[in-house]
Amino acid sequence: MATSTYGATATASSPKRTTSTTSVPKGIARTKILLLGQRRSGKTSIKEVLFNALPPKQTFYLETTMRVIKHAYDTVIPLEIWDCPGNVTVETLGAPLSRFSALIFVIDIRDLYKQPISKLVEFIIAASRDNPQLLVEVFVHKAEKLQEDDKIENFRQIQERVQDSLMERECEQMPCNFHLTSVYDHSLHEAFSKVLHKLIHSLPFLEDLLNVFCANSQSPKAFLFDAASRLYVATDASPVDSATHNLCCDYLSMLNAFGPLYRSSTSSATRLRIPSVEPSPDNPSPQETKHRFYPSAAASLHPSAPGTTLTYHLITPHLALLALVPTGVYEGRRGLLEYNVVFFREGVQEICAVEQEARGG
């Protein structure tokens, strides 16, 4: 990156968060994700790296999970992630599988033995009986432990053994998706993002908004990211290029780390928000509290003409728009770009409000 600027409106609070925020009511219905796997397979590491911003190198010191831990996290949809110990079974889970929307089973890529695959198959069979609509996603994890050829071979063997076991038990009708993941690169973020897409019912509307933004702003690629976890919750219709996705993840990580430095010492939560308006005879509909300012930033990727600029705009307290824009458009028509961002922001905020209302918020 050649140059980088951070908007003067970056006095709003940092997007980093570890628990559910006050913007989501406590009694709201949450989408539940079951996180399963053998002991030391990497389940808790995945949760901590994604949702608690734990540096990957510190995952080695995490304690073994001894009981089911429920972690609430708010993004486009409110999530509740159940981090389960390695010895949990369908009977000891403490809740029927019908309560869950997705099951993520984590397998250490070096573990080719029968035990983890047998456990996965048991949960899939139970799901086919109790919740046939359950999404089953397998994270073949700790991919960094093997060389490239061994990594691909082990990944293939695990897939084949799971599918063979399901055929033997006559349960091949349950779709099962496999992802190669590691906490040391962006493969984990990309895999979990794909799982999240299947849980967001409003995804087509978010994608339409991104397509309109890209067309009006001459942007070849745009992502709507969850700012804290760096999961992209939606993107436009153009194919996702891993290099572009990784670049956006790294830029967002840098902004999360350095953004708080730009916060004014005199700023406060009340100054950064427009107060809510109580209902009155002239205005029977109450207006919710809104943010006054939204952080924005930009970085030039190619200093030579024509050049490309990576832009960042906070859309909601949880979500951020990252888009590639031709440098000529960013420098010469920035007002139009900001105008398009405002309309995109209003659309996303309306979708989030409808989502929250539908869940009882």
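Below or above, wherever it landed, is the structure these notes cover. These numbers come from a predicted model, not from an experiment.

## Re the sheet that holds strand β4 (residues 78-83)
Here we have six strands laid out as an open sheet, ordered β3-β4-β2-β5-β6-β7, and mixed in their pairing. Bordering the open sheet on either side are β3 (69-74) and β7 (176-180), each of which pairs with just one other strand. On average, each strand axis in the sheet is tilted by 20 degrees relative to the strand beside it, whichever way the strands run. As paired strands, strand β2 (residues 31-37) and strand β5 (residues 102-108) are joined by five bridges and run parallel to one another. Bridge assignment links I33 to a residue of β5, and that residue is A102.

## Quick look at the side chain of K151
Among the structural elements, K151 can be located in helix α3 (residues 148-168). A relative accessible area of 15% means that K151 is categorised as buried. Beyond its immediate chain neighbours, meaning those up to four positions away, K151 contacts I109, A143, L146 and L180.

## A look at unusual backbone geometry
Phi is positive for K142, which is not a glycine, with a value near 60 degrees. Residue position: K142 is located in the loop between β6 (135-141) and α3. One non-glycine residue with positive phi stands out, namely R230, at about 60 degrees. Position of R230 relative to the elements: it lies in the loop between β8 (221-226) and β9 (231-235).

## Description of the packing of helix α2 (residues 114-130) against α3
Put simply, α2 and α3 touch, their axes get as near as 10 Å, and they point 45 degrees apart. Taken as axis vectors, α2 and α3 run oblique relative to one another. In the packing of α2 onto α3, the handedness of the crossing is right-handed. Every residue of α3 that contacts α2 at I117, L120, V121 and I124 is listed here: I158, R161, V162, S165 and L166. In the contact of α2 with α3, the residues fall into seven nonpolar, one polar and one charged.

## Let's talk about a nonpolar patch on the surface
A cluster of nonpolar residues, L336, Y339, V342 and F343, forms a patch on the protein surface that exposes about 370 Å² of accessible area. Along the chain, Y339 falls in helix α8 (residues 334-358).

## Quick notes on the pairing of β6
Along β6, six of the seven residues are buried, which leaves the element largely enclosed by surrounding structure. The pairing of β5 with β6 spans seven bridges and is parallel. In the strand pairing of β6, F105 is matched with V138. Read from β6 through α3 to β7, the crossover connection turns out right-handed.

## Topic: the nonpolar core
By size, the foremost hydrophobic cluster in this structure holds 48 residues, and its most contacted members are F139 and L224. A total of six residues in this core trace back to one element, the largest contributor, which is α8. In contact with L224, not counting residues within four places along its chain, are L206, L210, L231, Y232, V233, A234, I315, L319, A320, L321, F344 and V348. With 33 residues, the next largest nonpolar core counts W82, A95, C176 and F178 among its residues.

## Side note on α2
Along its 17 residues, α2 runs 24 Å from first to last C-alpha, staying within 8% of the 24 Å computed at 1.5 Å per residue. Within α2, the full set of buried residues consists of P116, I117, K119, L120, V121, F123, I124, I125, A126 and A127. In this structure, the buried side of α2 is in contact with β2, β5, β6, α3 and β7.

Thresholds applied
- For every chain, the first residue of the written sequence is number 1, and numbering continues from 1 along that sequence.
- In keeping with the model being predicted, local features are shown solely for residues with a pLDDT of at least 70 and side-chain atom pairs are shown and tallied solely at 80 or more, while totals for entire chains, interfaces and linings include all residues.
- Only hydrogens and water are set aside when side-chain values are computed; all heavy atoms of the structure are taken into account.
- Note on pairing: DSSP must find at least two bridges between two strands before they are called paired.
- The secondary structure listing takes helices from DSSP runs of H or I that are at least 4 residues long and strands from runs of E that are at least 2 residues long, numbered from the N terminus.
- Under this scheme, a helix contributes an axis fitted over its contacting stretch, all axes are lines through C-alpha atoms, and angles between N-to-C directions fall in the 0 to 180 degree range.
- Each residue is assigned to one of three classes by its accessible area relative to the maximum for its type, calculated with a 1.4 Å probe on protein chains only: buried under 20%, partly exposed between the two thresholds, exposed over 50%.
- A contact between two residues is defined here by any heavy atoms of the two lying within 4.5 Å.
- Orientation categories follow fixed angle ranges, with anything under 35 degrees roughly parallel, anything over 145 roughly antiparallel, 65 to 115 roughly perpendicular, and all other angles oblique.
- Each crossing gets its hand from how the near helix is turned against the far one by less than a right angle, where anticlockwise is left-handed and clockwise is right-handed.
- Amino acids are sorted into nonpolar (Ala, Val, Leu, Ile, Met, Phe, Trp, Tyr, Cys and Pro), charged (Asp, Glu, Lys and Arg) and polar (every other residue, Gly among them).
- Two distance rules govern patches: like charges are joined within 9 Å, and nonpolar side chains (Val, Leu, Ile, Met, Phe, Trp, Tyr) within 5 Å, applied only to residues with over 30% relative accessible area and no salt bridge.
- Each accessible area is a Shrake-Rupley estimate made with a 1.4 Å probe; only the visible protein chains count as cover when residues are assessed.
- Take a side-chain nitrogen of Lys or Arg and a carboxyl oxygen of Asp or Glu: if they are within 4 Å of each other, that pair is a salt bridge.
- When the strands point away from the viewer and the connection leading from the first strand across the helix to the second strand turns clockwise, the crossover is called right-handed.
- For our purposes a nonpolar core is just a set of buried Ala, Val, Leu, Ile, Met, Phe, Trp, Tyr and Cys residues, chained together by side-chain atoms within 4.5 Å.
- In a helix, the anticipated span is given by 1.5 Å times the number of residues less one.

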